[in-house]
Amino acid sequence: KKIAVFASGSGSNFQAIAVAVQSGSLNAEISLLVCDKPGAFAVDRAEMLGIPALVISPKSYPSKEAYEAEILQKLTNLDVDLIVLAGYMRLIGPTLLKAYEGEIVNIHPSLLPAFPGKDAIGQALAAGVEKTGVTIHYVDEGMDTGPIIASASVKVEAGETRESLQKKIQRIEHSMYPEVLEELLNGEEEAVQWEKSVH
Ligand code: GRF
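To start, this report covers the structure provided alongside it. Worth saying up front: this structure is predicted, and the values here are computed from it rather than measured.

Within the protein one finds 6 helices and 8 strands. Across the protein, helices and strands are ordered from the amino to the carboxyl terminus as β-α-β-α-β-α-β-α-β-α-β-β-α-β. For 199 residues, the compact-globule estimate of 2.2 N^0.38 gives 16 Å, and the C-alpha radius of gyration of the protein, at 16 Å, lies within 12% of that figure. Summarising its shape, the C-alpha atoms of the protein cover approximately 50 × 40 × 30 Å along the three principal directions.

All right, on to the packing of aromatic side chains then. Following the criterion strictly, the structure yields 2 aromatic pairs and no others. Pairing F6 with Y88 gives two aromatic rings, centres 5.2 Å apart and planes at 80 degrees, and the pair type is edge-to-face. Of this pair, F6 sits in strand β1 (residues 2-7) while Y88 sits in the loop between β4 (82-85) and α4 (94-99), placing them 82 residues apart in sequence. For the residue pair F6 and Y88, the accessibility class agrees, reading buried in each case.

The next subject is the site of the ligand. Every residue close to the ligand is listed here: S10, G11, S12, N13, G87, I107, H108, P109, Q170 and E173. Between a nitrogen atom of the ligand and a main-chain N or O atom of I107, the distance comes to 3.0 Å. Within the side chain of E173, an N or O atom sits 2.4 Å from an oxygen atom of the ligand. Here the ligand, which alone exposes 370 Å², has 85% of that area covered by the protein. Among the secondary structure elements, those contributing two or more residues to the shell around the ligand are α1 (12-23), β5 (104-108) and α6 (162-186). Classifying every residue of the shell around the ligand gives 2 nonpolar, 7 polar and 1 charged.

Across the interface, α1 lies against helix α2 (residues 41-49) with an axial gap of 9 Å and an inter-helix angle of 15 degrees. Put simply, α1 runs roughly parallel to α2. Judged by the twist between their axes, the crossing of α1 over α2 is right-handed. Note on element contacts: α2 touches α1 through A42, R45, A46 and L49, opposite S12, F14, Q15, A18 and Q22. Its residues assigned to classes, the contact of α1 with α2 comprises 5 nonpolar, 3 polar and 1 charged.

About the thresholds
Residues numbered from 1 in each chain as written. Predicted model: local features only at pLDDT ≥ 70, side-chain atom pairs only at ≥ 80, totals over all residues. Heavy atoms only, no water. Helix = DSSP H or I, 4+ residues; strand = E, 2+ residues; numbered from the N terminus. Rg over C-alpha atoms; globule rule 2.2 N^0.38 Å. Phe/Tyr/Trp six-rings, centres within 6.5 Å; stacked < 30°, edge-to-face > 60°. Buried < 20%, exposed > 50% of the residue type's maximum accessible area, 1.4 Å probe, protein only. Near = heavy atom within 4 Å. Polar contact = N/O pair within 3.5 Å; in protein donor to acceptor, adjacent residues only side chain to side chain. Areas by Shrake-Rupley, 256 points an atom, 1.4 Å probe, with all protein chains shown as cover. Nonpolar A, V, L, I, M, F, W, Y, C, P; charged D, E, K, R; others polar. Axes fitted to C-alpha atoms, helices over the stretch in contact; angles between N-to-C directions. Parallel < 35°, antiparallel > 145°, perpendicular 65-115°, else oblique. Left-handed = near helix turned anticlockwise from the far one by under 90°. Contact = heavy atoms within 4.5 Å.

Put into structure tokens, the structure is as follows:
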């Protein structure tokens, strides 16, 4: 199966997925990195990994529809089966949602439905919760609202800082996302049951 990874920032999850593909633990091909932020480190990673990148700025298009139509054309040409959002800081619009219905997934650094949207880690710390985590879910038109595929919880320790919590969460993400993708793409069951607790 062919996947396209969408990222806006560092791209550490993108890299973790690419490494899993290279090592053979994830049986898939990353056909394309789509990045909406010229200069994002994810683009450098794509170059280092030898993965083609489409760097595309929404500002260069008259509408979201036109922007997504351009991406869609690339994805169609490459026969991409699944869109994998990994730190893509933008809502997916109707153009891509319709073309890839039920075939777009996202990873979010909280236990959804808690703390959707930006800065989920800061939100969790500010709320003083004892545990937070990571959620992988299907994407719909809402902000981090689609059906949940897998989740992993992380304990918030006393004295936890944003940096320490982010580190723990990212470590989980980097092993969890490739594993869940392998299940989704090549697993026997339609629905993935993946739940994990980390302390
Ligand atoms: C991850 O924490 C992910 O959960 C969130 O954005 C972050 C992306 O990090 N959606 P990176 O770009 O993969 O390093």
